Structures are given as C-alpha cells and as structure tokens.
Amino acid sequence: MISTDSPKRFFSHTLTQVLTHKPVLKVSDAVQMQKEWSFAKTHPLLTGLYRRLFTMLSPEELVGHLQEVLETHEVNWQHVLSCVSTLVICLPEAQQLVKDWVARLLARAFESCDLDSMVTAFLVVRQAALEGPSVFPSYADWFQASFGSSRGSHCCSKKTLVFLFKFLSDLVPFEAPRYMQVHVLHPPLVPSKYRSLLTDYVTLAKTRLADLKVSLENMGLYEDLSSARDVTEPHSQAHQDVEKAIAVFEHTGRIPSAVMEASIFRRPYYTAHFLPALLTPRVLPKTPDPRAALIESLRRADKIPPSLYSAYCQACSTAEEKKPESAAPGVKVEAVCAEGPLGPLAAALRELRAAMTDPTQYDVVAARVAVVSERLGAALGRAEEDGSSGGSQIQLSVLTPGLEQQEREVADLLLTCFCQNLIVASSFASPDRQGPWASRLVTAMCGRRLLPVVLTRLCQLLRHQGPSLSASHVLGLAALVVHLAQSRSVLPEVRVGLPAPAEGLSVAEFFGSLLTFRTSETSLFCLRFCTAVISYSLCKYSSLSRDTLCSCLSPALVKKFQFIILRLFPEARDPLCPEDTADPPWRPLCRPSADWQQAALCLWKQSTFQELSKEKEFHLTYRDWLRLELEIEPEVDCLSDTERWDFQQWAIHEHFLPKPSAAGGCDGDLQVACAVLVDVLIDFRQSSRSYNYSENSDLVLSGCPGNRDIFSRLQEMAAGLEQGPGAPRTCSPPQGHFLFGVFRRRLQALASGWDVAARLQRQRELLVYKWILLGLPPSIVVGRPQAGQPAAPDCTEFFHLVNSELRNFSRGSALTHDLTVHFFRGLLSACSQSGDPSLTADLVLTACQTECPLVLTSALWWWPRLEPELRSRWRRCLQGPLPQELQRLWEAQRFGRSCLLPDTASPAPGPAWLSAAALYFEIQRAGKDCVKSQLERLGCQGEELLVFLFFFSLMGLLSSHLTPQGRPHQAVDTLKALDICAEILGCLEKRRVSWLVLFQLTETGGGLGHVLLRLAPDQYVRLLPFAFYSLLSYFDEDALTREDAFLHVAVDMYLKLLRLFVAGETSALSTVASRSRERRGQGDPVGLITEARRFLLRSIPRCPKESFSNVAEVTRRRSLWCVCRRANESAGDTALPLRGQPGGAALALWPLTCWAVVASFPVPRPRVSGGCTRLSAVGFLQLLATSADCDPDVRAALLSRQQAGPDADLYREPRLF
C-alpha cells in the first residue's frame, strides 16, 4: 500500500526540478523581464504542469516549498515567478499566504540587511501585482503601505535607511520607468535628518527617467501609477486625459480640478500635449456636445491661448468643407480598427465558455479568467488589469447613459459571455455547485476603468431596454447583479448624473433604483428580473449563513418583488399555507418554455423567501408601498382603473392599516395612515425632478405622473376622518390636525437661514404643502365649531403656518388667490355647521385682525373675485345678510374705491390699517401714479390711516425692487411706487404726522408692530433701511431735524443698511435693478450708502441738543476705539472700490468697521416712550466717531455739535474724543 506522503514527495521533487531547471537568469534579468512572465503570457504547458503539481499540495505547503527552494538552490527566476503567478491565480487561499511571506521577507531583510530576502520580496510582490487588483494589491499600494509610514521596518535606524536606498539605487539601471515613478511620487517616509538619502535617490531616479525620455512633468492628469505597464507616450496619455476630463465635465458641469491645476502647475504638459489633444480638428456638431462645452469653458476662463483657439476654429471650418468626401471612409476605417483589439478578447472568452462544461474545475476556469483579464487591458486601450476600482466614486447618467463604441463592444462581449456561461453551467449543475467561476469573472470586471463601463451598459439594458431582453439575458444579468452586490463592500459608490440624489449609492442600491413600474411593460420586466435575482441568490447561498444571503441581495429588489406580486396576482394576497416549502424556481426558469408568472408565484410561496421577507431590511412597509405605487402611471398601467382602485383599497385598509407598526403597518390608526401618506407624497413631489423623471419637467407642482390615484385615496381618508362617526367636533388644540403636524415636523428639519439655497428649498417645500392643503377639504383649515358652544373654530395652526412660513413667500401683503379662497370656503363650511353662522364668522374674522391680519388683506386684494362666491354661497346655504365682519371687508373695499372717485369718499371702517390696505390695493389696481389730490380729501380722519398707507406703500416700493420685470402680476413699477411713497410722505409731513415709528417696529408691547410685522415678509422688514434712504431726496430736513426721535432713527437705519450691505442682502436689489434701464441707479446700495452718509453729515450739526438726550444708556466701553482700530487694520486690504466719491476710502472701511463693532458689543435695547422709540443715540454716534481713521468727517461733525452746546452725557466720555 502506497503512503500518502509518497505522492507529495514526488510532486514536491518535481516542482523543485522545474524551479531550478537551467538557472541562467540573473536577478537583474528578472527585474527587467518579469512583466513578460505573467500568467496570461506564460506557455499553457508550463501553467498546466503547475496546476497538476498543485493538486497534491496545500497552499501552505506550496508557499513553504517555494521559500525553501529559494533559500537553498540556484533558481530559474522565470519559472519561479511564473509559478507565483499561477499560485495566486489558481489558489485564492494562497494570496494572503504570499502577502504574509513577503512581510516576513521584509522583516528579515531589514533585521540583518539581507539582500537576498529583499530581492525576493520585491520580485514576488511585483509578480503578484501583475495579475491585477482582484488577486493582489498593486505595487504602488504595497510600496506605500510598506514604506510610507513610520511603522515600516526601514525607519528603525540609519543603517536600515541606507540599506533601503542602496537597494533601490541598485535597481535603477534595470527596472521599468513605472516603478521609479512610484518611488519618486510616493517616496518612503524618512526622518528629516536623513533627508539627504531620499534626495540623492530621487535625483538618480529622475536622471534615469530623463535618459529613458520619460518625464514626470509629462505624466497624464489621470495616469494610474498602480499600473505596471510601460509608461504611455505623452500624446497617447493626453488623449486618455481628454476623454476623462470630458466625462467629468459632462457630469459636474464644471472644469475638472485636475485640468485647472495642470494649467497652472504643469504648464508644459498642458500646453504641449493636453490642449492639442483636446483641440483636435473635427466637424463641429450643430448642438454643442460635452467636448465643445469644455473647450468653450476653458476659453472663457482664459485657459486656451487665443492663437491656438483661432487655429482650432479654422481647422474645424476646413474639416466642415471636406466633410462630404471623407465622412464615409472614416466610418469604415473606424470600424476596421475597432475589430483589432477585440479579437484576442473574444477568443479568450470563447475558451472560457468551452471550459464551462465542468465549472467545478476551478484551476482551469481560473486560468481562463486570468487570460480574459489580461486581454481586457488591450481591448480598452488602458492598463485595466492593474487599476484598482476602490476609493473614488463612479459617476454616470441614468437618464442618458452613454458609451463609446469600443467600450460598448467590450461590455457586450463580457455580458454576453457571462450570460452564456451561466446557461451552460446551469445545464450541468445548480448555482450552489457551479464553483466560483462567476465571482472570479465578476472580479475581473471590477477594475477601475471597466467597472463604470459595465455599470453604464447594465443601466442601458435594465432601465431602457429591459422589456426587450430575452430570458437568457435576464437570467445572466440577474446572476451578475447578485455577484456585484456581494462585492459591494470593496466597490465604490455610484453617483448618477444630475439631477440626482445628493448622496452616493452602493452598487446594490444602484441596481435597485434602475427598475421602475411606470408602464405595464416595465412592471412585467421587473417581475421577471426580481424573480431571477432572488431565485439565483436562494439557490446559490441557501447553505450559507443568513448574513451571506442578505449581503448579495438588494433590499430594494426584494421589496419591489413583493410589491409587484401583490399588485398583479390577487391570489398572492391570500394567507399562505405554513406547510408550503417549494424549492426556489431556478431550474424551471432555465428552460426555454419558462412560465415566469408561475415561477414568481412559486418563489412567493417558498418558505425561505417568506422568512427572508420578514427581515427588517427586506420587509415591505406601508411607506415603501406608497413610494412604489406613486411611480405608477395610470395611463399605461397593466391594471384597469377598477382593478387599481380595488388593489389600493385592499393594500391600505386590509393589509397595512391593521398591521402593527413594528411590521410596517399603522396599528389600525387611520390618522397615522394619512400622516404617512402625506409625508411620502411630499417626498415624492420633491423628488419628481430626480433622475426618475424628465430633466425638463417644470418646477410648478402640477401633473406629476403617478400621484393622482394615491392623492385620491388621501382625500377619501381625510374625508373619513372629518365626517366619520367618530370624528370630533373640533380638533384639540394641543394635538392639532395631523396635516399641520406633518408640516411642522418637516419644517423643523429643514435648514434655517436666508441664503438662496435655504430659501429655495423652503419655498419648494411650501409649494407642496399648499398643493396638498388645497386638495383636501377646506374644513381642515378652519376646523369645525364645537357643538352647542359659541366659541370660534380653532384656526391656530393655519394662522401659525401663514405667519411663520407662507407670509415670507407671499406677494407683498397678500396670499395667493387659491389659498385665500380655500380659507373662506372653510369658513363658510364651519358656519354651515354652527348654530349661529354669523357669530362664528365674526369670531374667526375678529381673531384674524390680531392673530393673522394677512388673511384679511389677502381678502381685500382678491375681493373683486372673492365677493361673488361669498355672497352666492352665503345666500344659498345660510341665507340672510353677510356677517358684520364680512360686511366690514366690503365697506373697506368700497372706501378704497371711493377715494379714487371725484365724489366725496365714504367713511373709512376700522381698524385703520384695514382701510389703508384697501385704499393702497385700489391705487395699485388703478395704476395711479399721482394720488396727492385723493389724499388731501381724507380729512382729519385720515392721519392714522395715512401712516398705515405709508407702510403699505413702502412694501410696494420694496416689492417693485425685488420683482423681476415682465413677471405676471408684478408689483407697480419702481418709479411709480417711489412717487406714491413720496406723495404720502409729503402729505404726512404737511399734516405734521410722525411716521418714524414705522421704522422701529417690534413685536413686543402690542403696538403697531404686532399687526404690521405680520403683514409683510421678513425680507421686506429687514430691507426697510433701504426704503428709508430711498426717500432721502423727499425728506423735509428742517422739519425732521426738529423731531427728537429723528436722529436716533436715521443712525439706526444707517447702521442697519451697512449690515445689510456687508451681509450681501442688498445684492438682490442691485441685481434686479441692473436688468432694467429705468431702474438703473434706483437700486444701487453703494450709492445709497454714500448719500445716507452725506445726509447724516448735514443733519448732525442741525439737530437740537434734545436729540442727544432721552438716551437709554450711554455706551461705557473705553475699548471701542481699539476695536474700531483693529477692525480698520484688518479691513485695510479689503476696501471697496468707491473712487470718485467724497471720503471714498473712509467709506470703504466704514461698513466693515461698523459691522464689526456692532457685532462685538450689545447695542442698548430701545425704549418705547410716548409712541416713539428712543434709541441710544449717543451710543450709536460714539460708534460713528470712535476713530478718526474710520470716518473723520462724521467725527468732526460730532465734535462741532458737542462744542455748540454742552451735553452732560457726552461730557462724561472725554476720552473717546
């Protein structure tokens, strides 16, 4: 009987003889030639011999034997290194063993300065790295990991450093340029005192690279140092850089940072290679393509010399003239060239398919896959097999995925091969007994250059051509998706083209997002594909752990399978029999006459799948179901309208509503179901411009596909809550209506602030809220009155939404027409259910006067369209005259209209701000630009009314500045608005009515601010200083300077105007103003600040000394001078260009100085006294005069005013002057 050790000894002896046969090659020869000894380039007889010798030896024994032979024999380096390649290719377990062996070799080399161990380690690492990142880390990654940190063995002492650099220097005459580039660009970490060792080596390596005509300066922008191939010629690499730059520009819309950096720091390569490759003459397309757009962007950025651009344009014109003669031959030549590099790849794939007759022969299949990986690089024209796919993100466009012809041909070859191999392998064995051929082939597809190509092609097939794929294609691509998802941890994220989700997607999530249900064809394809994916996974990994099975499945695909099964098959909605344990239907799917629907039902009933679907990440929740159902387009749905209604009713009321929340249901609470539906609906409307829909869809939220039926279900459920037998007669104030609860929660989660991005996001969110609110019963807005009680319906939440959010996006002092009508319809509905309709209406509208006055001004603005409906519905349903408060609105509107008629004006109803709003709206409708005569007829009753009218005219002035020209329903023109403000201001000054209080409004105290601040957007209120100084030329300075409060207000407005300017909030005014010739000069903030400063300089000497009294508190900070000085010094290099203006340099520093000081010290709070706000005038004026460098003119004016009359407060702070 033969011992088992005898065959092992024989195989070990034979392997030793092969490795030591004719040891004539030196180490220097191995360094030079080892790139030709990769697995794919080694003779098949030799690799076949190695594979047979490996059968009796374990990976550990093989690595140990290799180590022993190298230590005790003279070896044939070609045989040794080709054996290393075969070892890491055919035995995956050996890959880690080789890494550990190399680490031991390095440790021994540095421990005793053993040159043999060092040589062996470098040769083995470089050889294993030749087989690609799927087998072994690239040389660049290994070198950085081994020598790029202080943990490396080379950092132990000067002796080890000298040893390392002596070794690297000895390699220089023999090694390839790529390795020297790695050493120079990613050098070993060296302590500073030994830096000269590194410098000497870098000089030597650069000299050698120069001798080889390889320049570091001419390296490509996107050149991959991890590639072990020969250095590409600069002109060849430049074309690759151009393609990559165009791809990045197409996805981002910006010039790639690598191109911008090269134009500055790598100018020789940029001008000599990159630009000529980019500006290759061609026939320009009629519609600019990404290349043309990139060229134009570079030209505008002055990154293309004008002479070079002119030559390019001339050459393109010449090519256009020659187009008819050369177009056809060019296509033929291109087609012929395309066949060249694909021939060897196609042959390698055919050999791989032939090996699939027995996919369990792993070594044979692994050898064929290695050859395929080698041929991929040549087919793509890149060093594909050496580029790692990890690290960066993959960018592609889902809407318009595009590939070059050669890339598409390579991807089609690979995908076709994978599908054919799967069918061949499945005819011999089930997926769990097919061996690891699929994972190895998928690993070969995951290179840095190839993976984006494969994913883009899969996107084209699954998303855009899915219904036309054959059964074999569906099965093969499903298996491919499973293996790619299993590798998600080592693959980069995928970012789809704009518009897109902000975050990247894992590969599994990316595939889940490709399948849609928008049409009947895509729904059926989704059913087939999900069935194939899940069936293959269950068959392939059924014997492994649940975590392994879950890692290869996309939760989105599993949920979509559950969704489509429940949607298409009513029998799937019935409870399943617990004893049903059918096998996964993989084998039936591989038959030519496969019944996909029967296979899907079989999979649905399979016990393993049912257990899987109960896992939290795979469970179809109510929220998931809503998201998927919203994608359906009813016009092309495979269900009829009746079937769709039945399914949605079953899903909501019978399936998800009774389910516990832990299982994805609603705990039987219809209000919870409504709230979740609203939340999902808002998210869906917000994402309606994502890559699931057309890039050209309008921002206006109307006609969004797929949401009509689900919104109808929301309307039905909301009506059930409002009118059901258990519906309360009114919503309890602490809890409120569920709809406003959803709005409130979402608004709190949004980013706050007044920057453009935050405002646009909030405005878009509110547009959806308004759309939902208008589609639901108006009783939600007003509520229902309590039975038997005269209390008004609760409108608190709607008032809060208007005051806090909708007000800021209103048009001046009015909500939109649809929202206004909706509120009054809700009011009439509440009145119809009340025992005293008139009292209910009066109570609600009276509450509006103090809690939400914007509702009343909105009614006045839309009264011509609102009144007929109000009167008609009141007479039809409630009979009798209008309630008192509605009558008050009619009287206010009649008063406003009568003021513009030649007859005597009718009396103004109270409150005065309501009549003022009605009058101003009538002025706007009439387009009046001269209202002086009408204002004079108001009589003594109009003094308070004039103040409010002035406020509304100020809002109109700001609205005209902020509203672009040509916009529908735009506010009055700026010049007309300014004239109206001036006439009202003149009338106020003529009657000696103080109006300064309008510029010091506060919410506290229940004064004017409590009402007026709720009638204007916050942006308008913040811009009141701009309106104040826009009227500067209309001020009666003599009358104003006699008012005690004037100087306080003027300085306060000036400082606030400076803050607005520094914060950039006046940019909207100047931007809109610049669009119109008539407005030019009217919205110039810098000019306005200059005029305001001149005005203050004129006014300070003329103000009475009482203007400096009645001060709440005098600023007692002696450090103000120092603060202003520091602010001026820090702002000295940032002065604004105000040349030509008096005191321009001082004014340039002045905004920054004031802003810094005001931000640094708390300004004394205003004190209300006698209806006027007293500010700390001296405090502000001290801020103006703290430094002569800041504003010497203002300082001189204050000094002069102080000397004109003694002032106790100023006298106490002599050091400030």
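Residues numbered from 1 in each chain as written. Predicted model: local features only at pLDDT ≥ 70, side-chain atom pairs only at ≥ 80, totals over all residues. Heavy atoms only, no water.

Undergrad: Break down the overall build of the protein for me, citing the residues and quoting the values.
TA: What the protein contains, in helices and strands, is 58 helices and four strands. Looking at the protein residue by residue over its 1217 residues, the buried ones come to 52%. The long-range fraction of contacts in the protein, counting pairs at least 24 apart against all pairs at least 6 apart in sequence, stands at 78%. (Helix = DSSP H or I, 4+ residues; strand = E, 2+ residues; numbered from the N terminus. Buried < 20%, exposed > 50% of the residue type's maximum accessible area, 1.4 Å probe, protein only. Contact = heavy atoms within 4.5 Å.)

Undergrad: Quick one: what's the story with the environment of leucine 828, residue by residue and with numbers?
TA: Summarising the element assignment, leucine 828 is placed in helix α38 (residues 817-832). Classification of leucine 828 as buried rests on a relative accessible area of 8%. For the pair formed by leucine 828 and threonine 840, sequence separation is 12 residues and the distance between their alpha carbons is 9.3 Å. What leucine 828 contacts, discounting residues up to four positions off in sequence, is Leu870, Arg873 and Trp874.

Undergrad: Describe the state of the cysteines, and please don't skip the residues or the numbers.
TA: Scanning all chains against the criterion turns up zero disulfides. Its sulfur unpaired, cysteine 313 is 6.5 Å from the next cysteine sulfur, which belongs to cysteine 316. No disulfide involves cysteine 852; its nearest neighbouring cysteine sulfur is the one of cysteine 848, lying 5.9 Å away. Cysteine 852 sits in the buried class, given a relative accessible area of 0%. (Disulfide = S-S within 2.5 Å.)

Undergrad: So what about the nonpolar core? Which residues, and what values?
TA: Core analysis: the biggest nonpolar cluster contains 259 residues, and Leu484, Phe510, Tyr622, Phe824, Phe950 and Tyr1029 have the highest contact counts within it. The leading source of residues in this core is helix α45 (residues 942-962), at 13 residues. Counting 79 residues, the second-largest nonpolar core is a separate cluster that includes Leu57, Val88, Leu130 and Leu198. (Core = buried A, V, L, I, M, F, W, Y, C linked by side-chain atoms within 4.5 Å.)

Undergrad: Provide a residue-level description of the side chain of glutamine 606, including the pertinent values.
TA: The topology assignment puts glutamine 606 in the loop between α28 (596-605) and α29 (607-613). In terms of polar contacts, glutamine 606 uses its side chain to reach the backbone amide nitrogen of phenylalanine 609, at 3.0 Å. (Polar contact = N/O pair within 3.5 Å; in protein donor to acceptor, adjacent residues only side chain to side chain.)

Undergrad: Just give me the short version of the packing of aromatic side chains, but keep the residues and values in it.
TA: Applying the stated rule across the entire model yields 50 aromatic pairs. Taken together, the ring pairs connect Phe110, Phe122, Tyr139, Trp142, Phe143, Phe147, Phe163, Phe167 and Tyr179 into an aromatic cluster. Arginine 126 extends its terminal NZ or CZ atom over the ring of tyrosine 179, reaching a point 3.9 Å from the ring centre. (Phe/Tyr/Trp six-rings, centres within 6.5 Å; stacked < 30°, edge-to-face > 60°. Lys NZ or Arg CZ within 6 Å of the ring centre and 35° of its normal.)

Undergrad: Describe unusual backbone geometry, listing the residues and the values that go with them.
TA: Of note, the amide linkage connecting glycine 910 to proline 911 takes the cis form, showing an omega dihedral of -5 degrees. Tracing the backbone shows proline 911 in the loop between α42 (884-899) and α43 (912-926). You will see that cysteine 113, though not glycine, has its phi angle at about 50 degrees, which is positive. With respect to the helices and strands, the residue cysteine 113 is situated in the loop between α6 (93-112) and α7 (115-129). Owing to a relative accessible area of 25%, cysteine 113 belongs among the partly exposed residues under this scheme. If you check the backbone angles, aspartate 302 has positive phi at about 60 degrees while not being a glycine. If you trace the backbone, aspartate 302 turns up in the loop between α15 (290-300) and α16 (306-321).

Undergrad: So, helix α8 (residues 139-147): which residues are in play, and what are the values?
TA: If you check which residues of α8 are buried, you get Tyr139, Ala140, Trp142, Phe143, Ser146 and Phe147. Taken end-on, α8 shows its buried residues confined to a sector of 165 degrees, consistent with a single buried face. Residues of α8 that are buried make contact with α6, α7, α9 (158-171) and α10 (177-185). (Arc of directions from axis to C-beta.)

Undergrad: Give me the packing of helix α32 (residues 670-686) against helix α33 (residues 708-723): which residues, what numbers.
TA: A packed helix pair is summarised by two numbers, namely the angle formed by the two axes and the spacing between the axes. Axis separation between α32 and α33 bottoms out at 10 Å; the angle between their running directions is 145 degrees. Between α32 and α33 lies a crossing whose hand is left-handed. Side by side, α32 and α33 meet where Leu670, Gln671, Ala673, Cys674, Leu677, Val678 and Leu681 of the first sit next to Ile710, Phe711, Leu714, Met717, Ala718 and Leu721 of the second. When its residues are assigned to classes, the contact of α32 with α33 shows 12 nonpolar, one polar and no charged. (Axes fitted to C-alpha atoms, helices over the stretch in contact; angles between N-to-C directions. Left-handed = near helix turned anticlockwise from the far one by under 90°. Nonpolar A, V, L, I, M, F, W, Y, C, P; charged D, E, K, R; others polar.)

Undergrad: Explain the pattern of salt bridges to me, and be specific about the residues and the numbers.
TA: Tallied over the full model, the rule gives 40 salt bridges. Ionic pairing is found between lysine 166 and aspartate 170, a salt bridge with its closest N-O pair at 2.9 Å. Of the two residues, lysine 166 and aspartate 170 both sit in helix α9, four residues apart, roughly one turn of that helix. For aspartate 170, a relative accessible area of 39% gives the class partly exposed. For aspartate 289, the salt bridge is made with arginine 282, and the minimal N-O distance between the two is 2.8 Å. (Salt bridge = Lys/Arg side-chain N within 4 Å of Asp/Glu carboxyl O.)

Undergrad: Which residues make up the confidence of the model for the protein, and what values do they have?
TA: Residues with a pLDDT of 70 or more make up 78% of the protein, whose mean pLDDT is 79. Helix α40 (residues 853-861) holds the highest mean pLDDT among the elements of the protein, 95, whereas helix α58 (residues 1208-1211) holds the lowest, 34. A low-confidence stretch, residues 689-705 stays under pLDDT 50, and its non-local contacts, those more than four residues away or across chains, total 45 contacts. (pLDDT = per-residue confidence, 0-100.)

Undergrad: Please provide a residue-by-residue account of the packing of α6 against α7, values included.
TA: Where α6 meets α7, the axes come as close as 8 Å, and the angle between the chain directions of the two elements is 150 degrees. Of the possible angle classes, the one that applies to α6 and α7 is roughly antiparallel. Where α6 crosses over α7, the handedness of that crossing is left-handed. Across the interface between the two elements, Val98, Trp101, Val102, Leu105, Leu106, Arg108, Ala109 and Phe110 of α6 pack against Ser117, Met118, Thr120, Ala121, Phe122, Val124 and Val125 of α7. For the contact of α6 with α7, the per-class residue count stands at 12 nonpolar, two polar and one charged. (Parallel < 35°, antiparallel > 145°, perpendicular 65-115°, else oblique.)

Undergrad: Pulling in residues and values, what's your account of the environment of glycine 668?
TA: Following the sequence through the fold, glycine 668 ends up in the loop between α31 (641-656) and α32. For glycine 668, a relative accessible area of 47% gives the class partly exposed. Along the backbone, glycine 668 and leucine 657 are 11 residues apart, and their C-alpha atoms lie at a distance of 4.9 Å. If near-sequence neighbours (up to four positions away) are discounted, glycine 668 is found in contact with Leu657, Pro658 and Lys659.

Undergrad: So what's going on with the side chain of asparagine 808? Residues and values would help.
TA: The topology assignment puts asparagine 808 in the loop between α37 (796-804) and α38. Since its relative accessible area comes to 10%, asparagine 808 is described here as buried. Here the side chain of asparagine 808 touches aspartate 1018 through a polar contact of 2.8 Å, landing on its backbone nitrogen.

Undergrad: Can you lay out helix α13 (residues 257-265) for me, pointing to particular residues and giving the numbers?
TA: Side chains that are three or four residues apart share a direction in an α-helix, a result of its 3.6 residues per turn. Turning to α13, its buried residues number three or more, namely Ala258, Val259, Ala262 and Ser263. For α13, the buried positions fall inside an angular range of 135 degrees around the axis, keeping them on one side. Facing away from the buried surface of α13 by more than 90 degrees, the exposed residues are Ser257, Ile264 and Phe265.

Undergrad: Please set out the environment of serine 169 residue by residue, giving values where relevant.
TA: Topologically, serine 169 is positioned in helix α9. Among the residues examined, serine 169 registers a relative accessible area of 22% and is labelled partly exposed. The spacing of serine 169 and aspartate 200 is 31 residues in sequence and 9.2 Å in space, taken between C-alpha atoms. When near neighbours in sequence (up to four residues on either side) are disregarded, serine 169 contacts Tyr201 and Leu204.

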